[in-house]
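Coordinate analysis (summary)
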Amino acid sequence: SQNFDYRSVSSVVISSVVPALTPTFLELSHRYIEVEPIVVTHRTKMGIRIEIDQPEQAGADRLVNAAAVTALYQCNAIVVDFGTATNFDIVSAEGAYCGGAIAPGIGLAHDALVARAAKLHKIDLLPPPNPIGRNTIHAMQSGIFWGYAALVEGMISRLKAAMRDAEMGDNIRVIATGGLAPMFRQHTNAIDQIDPDLTLEGLRVIYQINASA
């Protein structure tokens, strides 16, 4: 908004997975907004239990997503967050963050392939006309896009099996967020729904919990 300025902001909550940039946002909040921000860590009150071996290693973004799922859905869930990395996070219906898996994002996979193979060049990350590529571009699109879709489907299948083994039941909702989530939703039945604002909703939930406290 053209009329937006720092005086319009009354509260700040920060989820950062780039430690070098966190002090910059703290200074912005202190100097220009003149408020003490809530910086999400494993110690922050967020309405969930963190049931992993080393809670301090859990990425703030993953915890924020878990807080959103617990507040909004109250179900056993697998959150698939398509970003620089693709995170798969398990949240129980009782509000426990149980861990998950981290895979390189599709953009990273594409860039690594192009960087290491001299004759391959950048392509659009789209499904090709046919999984059998009849030219280099379509072959790369097939391997990267459909290969990544298979990664997502395979991980979800294995994670659901592990959740059943942990006696979490069969009622598991797969919620996807992140930039490429809508496109993958169109090409796989493994994702139940898209929530593009899941992380922002989690930040709102965490702010409200801490503001009321």
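Above this text you will find the structure in question.
The rules we used
Residues numbered from 1 in each chain as written. Predicted model: local features only at pLDDT ≥ 70, side-chain atom pairs only at ≥ 80, totals over all residues. Heavy atoms only, no water. Patch = residues over 30% accessible without salt bridge, like charges linked within 9 Å, V, L, I, M, F, W, Y side chains within 5 Å. Areas by Shrake-Rupley, 256 points an atom, 1.4 Å probe, with all protein chains shown as cover. Salt bridge = Lys/Arg side-chain N within 4 Å of Asp/Glu carboxyl O. Helix = DSSP H or I, 4+ residues; strand = E, 2+ residues; numbered from the N terminus. Buried < 20%, exposed > 50% of the residue type's maximum accessible area, 1.4 Å probe, protein only. Pairing = 2+ DSSP bridges. Contact = heavy atoms within 4.5 Å. Axes fitted to C-alpha atoms, helices over the stretch in contact; angles between N-to-C directions. Parallel < 35°, antiparallel > 145°, perpendicular 65-115°, else oblique. Nonpolar A, V, L, I, M, F, W, Y, C, P; charged D, E, K, R; others polar.

Let's talk about a nonpolar patch on the surface
Taken together, the side chains of Val 17, Val 18, Leu 21 and Phe 25 present a nonpolar region at the surface, about 350 Å² in accessible area. Here Leu 21 is to be found in the loop between strand S1 (13–14) and helix H1 (22–33).

Points about the pattern of salt bridges
Tallied over the entire structure, the rule returns five salt bridges. Across the salt bridge formed by Asp 170 and Arg 164, the nearest N and O atoms sit 3.7 Å from each other. With a relative accessible area of 40%, Arg 164 lands in the partly exposed category.

Brief notes about the sheet that holds strand S5 (residues 85–91)
Pairing within the open sheet is mixed, and its six strands lie in the order S3-S6-S5-S4-S7-S8. Where the open sheet ends on each side, the last strands, each with one partner, are strand S3 (49–50) and strand S8 (193–194). One ladder, built from seven bridges, connects S5 with strand S6 (residues 96–104); its direction is antiparallel. Note on S6: the bridge partner recorded for Asn 87 is Ile 102.

Observations regarding the side chain of Asp 195
Mapped onto the secondary structure, Asp 195 falls in the loop between S8 and helix H6 (198–212). Those residues in contact with Asp 195 that sit more than four places away from it in its chain are Leu 72, Tyr 73, Ile 175, Ala 176 and Thr 177.

A word on the pairing of S6
Bridging between S3 and S6 involves two bridges; their strand directions are parallel. Residue pairing in the sheet places Arg 49 in a bridge with Ala 96 of S6. Adjacent in sequence and paired antiparallel, S5 and S6 are bridged by four residues, among which Gly 95 carries a positive phi angle near 90 degrees.

Details of the packing of helix H2 (residues 60–72) against H6
Two elements in contact, H2 and H6, have axes whose closest approach is 7 Å; the angle formed by their N-to-C orientations is 80 degrees. Relative to H6, the element H2 lies roughly perpendicular. Contacts from Val 64, Asn 65, Ala 67, Ala 68, Val 69, Ala 71 and Leu 72 of H2 reach H6 at Leu 198, Thr 199, Glu 201, Gly 202, Leu 203, Arg 204, Val 205 and Ile 206. Of the residues that constitute the contact of H2 with H6, the class distribution is ten nonpolar, three polar and two charged.

Here's the deal with the side chain of Thr 70
Within the element layout of this structure, Thr 70 appears in helix H2. Once residues lying within four places of it in the same chain are set aside, the contact partners of Thr 70 are Gly 47, Ile 48, Val 91 and Gly 95.

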